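Now for the letters of each chain:
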Amino acid sequence: MVNLIWLIMLATGIIVAAFTGRIETVTTSAMKAAELGVEVAIELIGVMSLWLGLMRLAEEAGFIRLLARVFGPVIRKLFPSLKPESPALGAIIMNLSANILGLGNAATPFGLKAMQELQKENPNPEVASPAMITFLALNTSCITLIPATIIGVRLKANSLNPTEIIGTTIFATGCAMTIGIIADFIFRHRRSQ
Amino acid sequence: MNIIAEISRWAIPLLLLLIPLLAYLRKVPVYESFVAGAEDGFKTGVRILPFLIGMLVSIRVFIDSGALDLLARLLAPIFNYFGLDPNLTAIIPLAILRPLSGSGALGVATQLINQYGPDSLIGRLASTLQGSTDTTFFVLTVYFGSVGIRKYRYALKVGLLADLVGLIASIWIVHRVF
């Protein structure tokens, strides 16, 4: 499905550009986007190294295990396939906390780390495990207490009350997350029968 | 609300202080361990690079060619069908883009907020929608790509369903509250 969506976006883009006489935008956009991809990845390497370095410290000092022991029982309800001592639990908890606190650039390194740990427990390394899908469902619809970026945009646009959308945002995310978790649960059980 | 804002502001400096300090007290060779952990950052960054580029190129061509606006116009009758405020159709490009690209969606949201005003219906809806879900496509392709997963199974369905619910909930709550 991803292959198809990728192709459709690219192909319809080119066809629309051709029919509206703007075919040269395809060339410039594609080139610029490729460059941007490298920029994003390089930036990510910086923050990722920082957070993974800190995470290693936290691991060796035993904090991650402590965190997993405290929050593990709750998180494991959502991930029944994980072992109680799974090292993925710590990374999952770190990722979700970073998301909730709105620390977007810290969330990604922890998330990728969690995926690596989940992959170690995955019996079929080319196929997504149920735990991975649950993790991504949580991750993509995770509640953020302070949507800082958009508040900044509103502030710059001279909003009378830049933070008034926090409540509505939390409500909308809460709905998305609830349905995400329920849908994941239903799909998981339907597939396993 | 201020408390939460303060937590966000202090979280990183405190983590940067407390983790190394407490690790040192627990006899961890802090600098060496940090460097050993940081090494993985480069490898992961390089591994996700092709996925980032592939996704960005396709999305950028889709947006810049005008295909996104065309799709938004085709979808407008659906909004009208549900008896929604016809002004709301301005939000459609953002709703389509939200699961695809974080930076793209932020650009459109910023433009909507500036064009209609941050305290207008569209401005509030764009703000709520922007904060309400993460970019499903990006997260899926990059996260799965980084560990070599090729079969996503039902992950995309779950993610997109959550996005759709986020959109409907945003429209409903913004109408309700403001």
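Residues numbered from 1 in each chain as written. Chains lettered and ligands numbered in written order. Predicted model: local features only at pLDDT ≥ 70, side-chain atom pairs only at ≥ 80, totals over all residues. Heavy atoms only, no water.

## As for the overall build of chain B
When helices and strands are counted, chain B shows 8 helices and 0 strands. Overall, chain B shows an N-to-C arrangement of helices and strands of α-α-α-α-α-α-α-α. Over its C-alpha atoms chain B spans a radius of gyration of 21 Å, topping by over 25% the 16 Å that the globule rule assigns to 178 residues. With the C-alpha coordinates of chain B rotated into their principal frame, the extents come out at 65 × 45 × 30 Å. Looking at chain B as a whole, 51% of its 178 residues are labelled buried. In chain B, the share of contacts with a sequence separation of at least 24, taken over all contacts with a separation of at least 6, comes to 64%. Total accessible area on chain B stands at roughly 8500 Å², and carbon and sulfur atoms take up 67% of it. For chain B, the separation between the mean place of its 14 positive charges and that of its 10 negative charges on side chains is 8 Å. (Helix = DSSP H or I, 4+ residues; strand = E, 2+ residues; numbered from the N terminus. Rg over C-alpha atoms; globule rule 2.2 N^0.38 Å. Buried < 20%, exposed > 50% of the residue type's maximum accessible area, 1.4 Å probe, protein only. Contact = heavy atoms within 4.5 Å. Areas by Shrake-Rupley, 256 points an atom, 1.4 Å probe, with all protein chains shown as cover. Lys, Arg positive; Asp, Glu negative; His and termini not counted. Charge placed at Lys NZ, Arg CZ, Asp CG, Glu CD.)

## Let's talk about the environment of A:Leu89
All names here are of chain A. Along the polypeptide, Leu-89 turns up in helix α4 (residues 87–100). Linking Leu-89 and Ala-183, residues 94 residues apart in sequence, is a C-alpha distance of 22 Å. Sequence-distant contacts of Leu-89, that is, excluding residues within four places in its chain, are made with Ala-68, Gly-72, Ile-75, Arg-76, Leu-82, Lys-83 and Pro-84.

## Re helix α3 (residues 63–78) of chain A
Residue and element names in this part refer to chain A. Compared with an ideal rise of 1.5 Å per residue, which puts 16 residues at 22 Å, α3 spans 22 Å between its outermost C-alpha atoms and is within 8% of the ideal. Of all the bends in α3, the largest measures some 65° and sits at Gly-72, one to four residues before the proline Pro-73. Turning to α3, its buried residues are Ile-64, Ala-68, Gly-72 and Ile-75. At its buried positions, α3 is contacted by α2 (23–60) and α4. (Expected span 1.5 Å × (residues − 1). Bend = angle between axes of the 7 residues up to and from the residue.)

## What about the interface of chain B and chain A?
Each partner contributes residues to the interface: chain B has 96 residues there, and chain A has 93 residues. Together chain B and chain A conceal approximately 8000 Å² of surface at their shared face, both sides included; 76% is due to carbon and sulfur atoms. Sorting the residues of chain B by area buried against chain A places B:Tyr143, B:Arg153 and B:Tyr154 first, and these three jointly supply 9% of that buried surface. One salt bridge in this structure joins B:Asp40 and A:Arg56, with 3.9 Å as the shortest N-O distance. At the surface where chain B touches chain A, the tally comes to 22 residue pairs in polar contact (both at pLDDT 80 or more). Where the side of chain B that touches chain A is concerned, the elements lending two or more residues are α1 (2–25), α2 (30–64), α3 (67–81), α5 (102–116), α6 (121–132), α7 (136–147) and α8 (155–177) of chain B. Residues of the side of chain B that touches chain A, tallied by class, amount to 59 nonpolar, 25 polar and 12 charged. (Buried area = accessible area lost by both parts, 1.4 Å probe. Salt bridge = Lys/Arg side-chain N within 4 Å of Asp/Glu carboxyl O. Polar contact = N/O pair within 3.5 Å; in protein donor to acceptor, adjacent residues only side chain to side chain. Nonpolar A, V, L, I, M, F, W, Y, C, P; charged D, E, K, R; others polar.)

## Some words on the domain arrangement of chain A
Residues and elements named next belong to chain A. Domain parsing of chain A yields domain 1 (1–61) and domain 2 (62–193). Placing a centre on the C-alpha atoms of domain 1 and another on those of domain 2 gives a separation of 22 Å. Counting from both sides, the interface comprises 10 residues of domain 1 and, opposite them, 12 residues of domain 2. Here domain 1 meets domain 2 over a buried area of about 1100 Å², counting both sides, of which 78% is carbon and sulfur. Taken together, domain 1 and domain 2 are joined by 1 salt bridge. (Domains from an automatic or database assignment.)

## Regarding the nonpolar core
The biggest cluster of nonpolar side chains holds 111 residues, and the ones touching the most others in it are A:Ile92, A:Met115, A:Leu118, A:Phe135, B:Leu94 and B:Phe144. Split by domain, the residues of this core number at least three in each of domain 1 (1–61) and domain 2 (62–193) of chain A. (Core = buried A, V, L, I, M, F, W, Y, C linked by side-chain atoms within 4.5 Å.)

## Quick notes on the packing of aromatic side chains
For the coordinates displayed, the defined rule picks out 5 aromatic pairs over all chains. With a centroid separation of 5.5 Å and an interplanar angle of 20°, the aromatic rings of A:Phe187 and B:Tyr154 are classed as stacked. In this pair, A:Phe187 sits in helix α8 (residues 165–192) while B:Tyr154 sits in the loop between α7 and α8, so the two residues belong to two different chains. B:Tyr154 shares its class with A:Phe187; the two are buried. Taking NZ or CZ as reference, B:Arg124 lies 4.2 Å from the ring centre of B:Phe178, over its face. (Phe/Tyr/Trp six-rings, centres within 6.5 Å; stacked < 30°, edge-to-face > 60°. Lys NZ or Arg CZ within 6 Å of the ring centre and 35° of its normal.)

## Quick look at the environment of A:Phe135
Within the element layout of this structure, A:Phe135 appears in helix α6 (residues 130–140). Once residues lying within four places of it in the same chain are set aside, the contact partners of A:Phe135 are A:Phe79, A:Ile92, A:Asn95, A:Gly111, A:Ala114, A:Met115, A:Leu118 and B:Tyr143.

## Side note on the side chain of A:Ser159
Summarising the element assignment, A:Ser159 is placed in the loop between α7 (148–156) and α8. Within the structure, A:Ser159 has its side chain in polar contact with the backbone nitrogen of A:Asn161 (distance 3.1 Å). Apart from the residues lying within four places of it in its own chain, the contact partners of A:Ser159 are A:Arg154, B:Pro118 and B:Asp119.

## Looking at the pattern of salt bridges
Under the criterion given, the structure shown has 10 salt bridges over all chains. In this structure, A:Asp184 and A:Arg188 form a salt bridge, with 3.3 Å as the shortest nitrogen-oxygen distance. One end of the pair, A:Asp184, and the other, A:Arg188, are both in helix α8, 4 residues apart, so they sit about a helical turn from each other. Given the relative accessible area of 13%, A:Arg188 is considered buried. Bridged by salt links that share partners, the residues A:Arg154, A:Glu164, B:Asp119 and B:Arg124 form one connected network.

## Thoughts on the side chain of A:Asn99
All names here are of chain A. Relative to the helices and strands, Asn-99 resides in helix α4. Here the side chain of Asn-99 touches Asn-139 through a polar contact of 2.8 Å, side chain to side chain. Not counting chain neighbours up to four residues away, the residues in contact with Asn-99 comprise Ala-107, Asn-139, Cys-142, Ile-143 and Thr-144.

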